[in-house]
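Spelled out from the first residue to the last, the chains are:
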Amino acid sequence: MKKRLIAIALVLVMVITLSACKGNTPNEPEPTTNPDGPTGEPVDGGEIVIGISTDLETSLDPHVSSSSAGTREVLFNVFEGLVKPDPDGNLIPAIAEDYVVNETADEYTFTLREGVKFHNGNEVTVGDVVYSLTHAAGLDTGTPLVKELAAIASVEAKDDKTVSVKLNAPDTEFIAYLTTAIVPEGVDQNKEVVGTGPYKLVSRKVQESVEFEKNNDYWGEPAHLDKVTLRVIDNAETLVMSLKSGAIDMATRLIASQVAELDNMTILEGSSSAVQALYLNNAVEPLNDVKVRQALCYAIDKQAIIDLAFDGHGNLLGSSMYPAFKKYYVEELTNYYEYSPEKAKELLKEAGYENGFTFTITVPSNYQQHVDTAQVIVEQLGQVGITAKINQVEWATWLSETYQGRNFEGTIVSFDSHWLAASGLLARFQSDNGKNMINFNSAEFDAKYKEAISTTDDATKVAAFKECERILTENAANVYIQDVGSMVAIGKNFAGYQFYPLYVCDFSKIYKIAE
């Protein structure tokens with residue numbers, strides 16, 4: 001890893017020079033040969049050990065465990081909502097077998113599926129659904145646990161199979177939020193994790209491991225593996241060594257440099273379905289000046305980052321939307337800021353920073369892809385007189401200080417969409433949104449976002465969301481970089497892994513191959 005980063009520094013100036021002579025073009029996603037890995041007859045039973053770079057959150061209550069994408073990725077296997085996503089990006093029936101939306105898009109009515117059981121053996125009832133949505137929406141406490149459900153005005157059981165969810169205002173995207181977990185009434189999820197998914201949690205050792213076993217009473221297509229163990233390995237090099245030695249069977253969200261030496265594994269390539277950016281605190285000087293933020297956008301060569309730090313794997317982005325959301329993705333924003341050190345210097349001079357400035361980029365140390373990106377950016381910004389310093393912190397510190405405390409200048413991470421909805425990527429940039437860690441404040445953005453979620457006309461909604469993306473780009477809210485190429489390393493005796501357009505790892509599809 002150190003040798004590779006030295007190489008990055010040595011060739012960076014040459015790449016910058018070459019890039020200045022040509023425009024950047026977005027990478028087209030490369031087709032993956034046999035994306036599900038090797039083929040063979042599935043063998044039901046057995047177990048798999050999966051390495052993860054961060055431990056799950058302290059609370060595994062699905063209505064409060066929302067700040068960590070990694071936790072949500074895993075709990076997908078334990079909990080289900082009235083609907084759930086599939087690998088093709090569709091929302092399909094889950095605990096509900098069917099639903100209808102009224103003409104004004106402010107009432108959703110669900111018919112529950114018969115015979116769905118919780119992991120404790122009890123059948124799901126309309127009472128459990130009413131409790132789950134009422135509690136998650138904060139109708140019983142006044143404080144929503146799932147902020148997106150704050151739009152709910154009431155949840156009512158029409159009969160023993162039918163539930164009505166009424167909203168305070170029309171929202172044609174609201175169905176995506178009803179992937180929110182349905183849990184049994186009266187069970188404290190901090191003491192007993194109980195869902196309806198294909199796997200149930202059986203044990204956990206904090207900072208060490210988490211174990212799941214197959215739910216034999218699952219209502220849908222049963223899982224193949226009997227047992228799944230997650231092993232927490234927060235050091236990137238140790239994770240790779242564990243894969244090489246066979247100590248673990250699989251790891252996800254890897255980058256090209258990590259898989260280069262894994263000849264003993266099958267390597268699958270897809271998209272991380274997340275927006276990697278240099279996220280900027282718009283409320284601190286000098287980043288509160290739009291010209292300074294625009295200068296950063298012109299000073300950073302995104303294609304060079306992909307080429308140097310990711311061996312060419314990744315898709316350039318220009319705003320807070322990735323290609324998997326085809327309906328809302330605005331490709332022409334990708335090159336809105338073409339790499340131009342000269343333009344960056346002009347803007348810095350206009351903003352009163354002709355001699356540059358110094359700022360700190362905070363990076364969670366357990367995510368090698370973000371550390372590598374920061375290394376390249378530091379060198380690139382130096383070319384226009386900006387001194388960037390890297391502050392590597394542990395994930396827990398990043399969550400508390402950077403994300404929740406908003407105590408940072410710049411940070412490099414990837415934000416995903418918790419939901420199969422454009423709002424999942426754009427809602428956080430509303431001026432009053434609690435997740436607006438960059439302190440972006442735009443009345444124009446707020447108005448367009450409100451228009452997007454309130455209209456019942458699909459064309460109007462799409463146009464308004466695209467306008468939100470344009471506003472973020474024009475105001476240089478952040479320096480958008482890429483949808484990082486995501487690689488999965490899995491033992492050659494396993495198959496069935498599937499990529500989703502969300503941050504999800506579906507254990508139930510993985511199986512052992514007959515020898």
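It should be noted that the structure appears before, not after, this text.
Residues numbered from 1 in each chain as written. Predicted model: local features only at pLDDT ≥ 70, side-chain atom pairs only at ≥ 80, totals over all residues. Heavy atoms only, no water.

1. Quick look at the overall build of the protein chain
Step number 1: When its secondary structure is counted, the protein chain shows 13 helices and 21 strands.
Step number 2: A compact globule built from 515 residues would reach a C-alpha radius of gyration of about 24 Å, and the protein chain, at 23 Å, matches this within 12%.
Step number 3: With respect to the principal axes defined by its C-alpha atoms, the protein chain has extents near 70 × 55 × 35 Å.
Step number 4: In the protein chain, buried positions account for 56% of the 515 residues.
Step number 5: Considering only intrachain contacts with a sequence separation of at least 6, the fraction spanning at least 24 residues in the protein chain is 72%. (Helix = DSSP H or I, 4+ residues; strand = E, 2+ residues; numbered from the N terminus. Rg over C-alpha atoms; globule rule 2.2 N^0.38 Å. Buried < 20%, exposed > 50% of the residue type's maximum accessible area, 1.4 Å probe, protein only. Contact = heavy atoms within 4.5 Å.)

2. Thoughts on the sheet that holds strand β21 (residues 511–513)
Step number 1: Spatially, β1-β21-β20 is the arrangement adopted by the 3 strands of the open sheet, whose pairing is antiparallel. This sheet does not close on itself; its edge strands, each paired only once, are β1 (42–43) and β20 (494–495).
Step number 2: Strand direction decides the pairing type here: β1 and β21, joined by 2 bridges, are antiparallel. Residue V43 lies in a different strand from β21, and its bridge partner there is K512. (Pairing = 2+ DSSP bridges.)

3. Here's the deal with the pairing of strand β5 (residues 96–101)
Step number 1: Note: β5 against strand β6 (residues 107–112), 5 bridges, orientation antiparallel. Directly across from V100, in β6, lies its bridge partner T109.
Step number 2: The hairpin formed by β5 and β6 contains 5 residues between the paired strands, and A105 there has a positive phi angle of roughly 55 degrees.

4. Regarding the packing of aromatic side chains
Step number 1: In this structure the tally under the stated criterion is 23 aromatic pairs.
Step number 2: Taking 5.1 Å as the distance between ring centres and 85 degrees as the angle between the ring planes, the aromatic pair formed by Y298 and Y337 counts as edge-to-face. Note that Y298 is positioned in helix α6 (residues 290–299) and Y337 in the loop between β15 (314–316) and α8 (341–350), a separation of 39 residues in sequence. For the residue pair Y298 and Y337, the accessibility class agrees, reading buried in each case.
Step number 3: Over the ring of Y503 we find R253; its NZ or CZ atom is 3.8 Å from the centre of that ring. (Phe/Tyr/Trp six-rings, centres within 6.5 Å; stacked < 30°, edge-to-face > 60°. Lys NZ or Arg CZ within 6 Å of the ring centre and 35° of its normal.)

5. Some details on the packing of α6 against α8
Step number 1: Contact geometry for α6 and α8: axes closest at 8 Å, N-to-C directions at 165 degrees. Here α6 is positioned roughly antiparallel relative to α8, judged by the angle of their axes. Here the hand of the crossing between α6 and α8 comes out left-handed. Facing K291, Q294, A295, Y298 and A299 of α6, the residues of α8 in contact are P341, K343, A344, L347, L348 and E350. (Axes fitted to C-alpha atoms, helices over the stretch in contact; angles between N-to-C directions. Parallel < 35°, antiparallel > 145°, perpendicular 65-115°, else oblique. Left-handed = near helix turned anticlockwise from the far one by under 90°.)

6. Details of the side chain of S319
Step number 1: The topology assignment puts S319 in the loop between β15 and α8.
Step number 2: You can call S319 buried: its relative accessible area is 3%.
Step number 3: Polar contacts involving the side chain of S319 include one to the side chain of T473, which spans 3.3 Å. (Polar contact = N/O pair within 3.5 Å; in protein donor to acceptor, adjacent residues only side chain to side chain.)

7. Notes on the pattern of salt bridges
Step number 1: Counted according to the given criterion, the structure contains 20 salt bridges.
Step number 2: One salt bridge connects K161 with E114, and the closest N-O pair in it is separated by 3.5 Å. With K161 in the loop between β7 (152–157) and β8 (162–167) and E114 in the loop between β6 and α3 (126–137), the pair connects residues that are 47 residues apart, well separated along the chain.
Step number 3: Judged by relative accessible area, which is 27%, K161 ranks as partly exposed.
Step number 4: By relative accessible area, which is 62% here, E114 ends up exposed.
Step number 5: Across the pair E213 and K200 runs a salt bridge whose closest N-O atoms are separated by 3.8 Å. Taken together, the positions of E213 in strand β10 (residues 209–214) and K200 in strand β9 (residues 199–205) put the pair 13 residues apart, joining distant regions of the chain.
Step number 6: Among the ionic contacts, a cluster of salt bridges with common partners joins E173, K327, D458 and K461. (Salt bridge = Lys/Arg side-chain N within 4 Å of Asp/Glu carboxyl O.)

8. With respect to the side chain of S272
Step number 1: Relative to the elements of secondary structure, S272 occurs in the loop between β13 (265–271) and β14 (274–280).
Step number 2: Only 2.9 Å separates the side chain of S272 from the side chain of D483, close enough to count as a polar contact.
Step number 3: Within the structure, the side chain of S272 is placed 2.9 Å from the backbone oxygen of V484, a separation counted as a polar contact.
Step number 4: Beyond its immediate sequence surroundings of up to four residues, S272 is in contact with R253, D483, V484, S486 and Y503.

9. Overview of the packing of helix α12 (residues 443–454) against helix α13 (residues 458–474)
When two helices pack together, their arrangement is given by the angle between the helix axes and by the axis-to-axis distance.
Step number 1: Relative orientation of the contacting elements α12 and α13 amounts to 160 degrees, with a least axis distance of 8 Å. Here α13 runs roughly antiparallel to α12, going by the angle between their axes. Taken as a pair, α12 and α13 cross one another with a handedness that is left-handed. Residue-level contacts link E444, F445, K448, Y449, E451, A452 and I453 of α12 to T460, K461, A464, F465, E467, C468, R470, I471 and L472 of α13.

10. Some details on the pairing of strand β17 (residues 387–393)
Step number 1: Across 7 bridges, strand β16 (residues 358–364) lies against β17 in parallel orientation. Note on β17: the bridge partner recorded for T362 is N391.
Step number 2: The β-α-β motif built from β16, the intervening helix α9 (residues 368–382) and the parallel element β17 has right-handed crossover chirality. (Right-handed = clockwise from strand over helix to strand, strands pointing away.)

11. A closer look at α6
Step number 1: Here α6 lies mainly inside the structure; 8 of its 10 residues are buried.
Step number 2: For α6, the set of buried residues is V292, R293, Q294, A295, L296, C297, Y298 and A299.
Step number 3: Tucked into the core, α6 has its buried residues touching β14, α8, β16, α9, α13 and β19 (478–491).
Step number 4: You can read the cap of α6 off the contacts: a side-chain oxygen lies 2.8 Å from the backbone nitrogen of K291, and it is on D289.

12. What about the environment of L472?
Step number 1: When you line up the elements, L472 lands in helix α13.
Step number 2: In this structure the C-alpha to C-alpha distance between L472 and D506, which are 34 residues apart in sequence, comes to 32 Å.
Step number 3: In this view, L472 contacts S319, S320, L426, F429, F440, F445, A477 and Y480; residues no more than four positions away in its chain are not counted.

These figures come from the coordinates and say nothing about function on their own.
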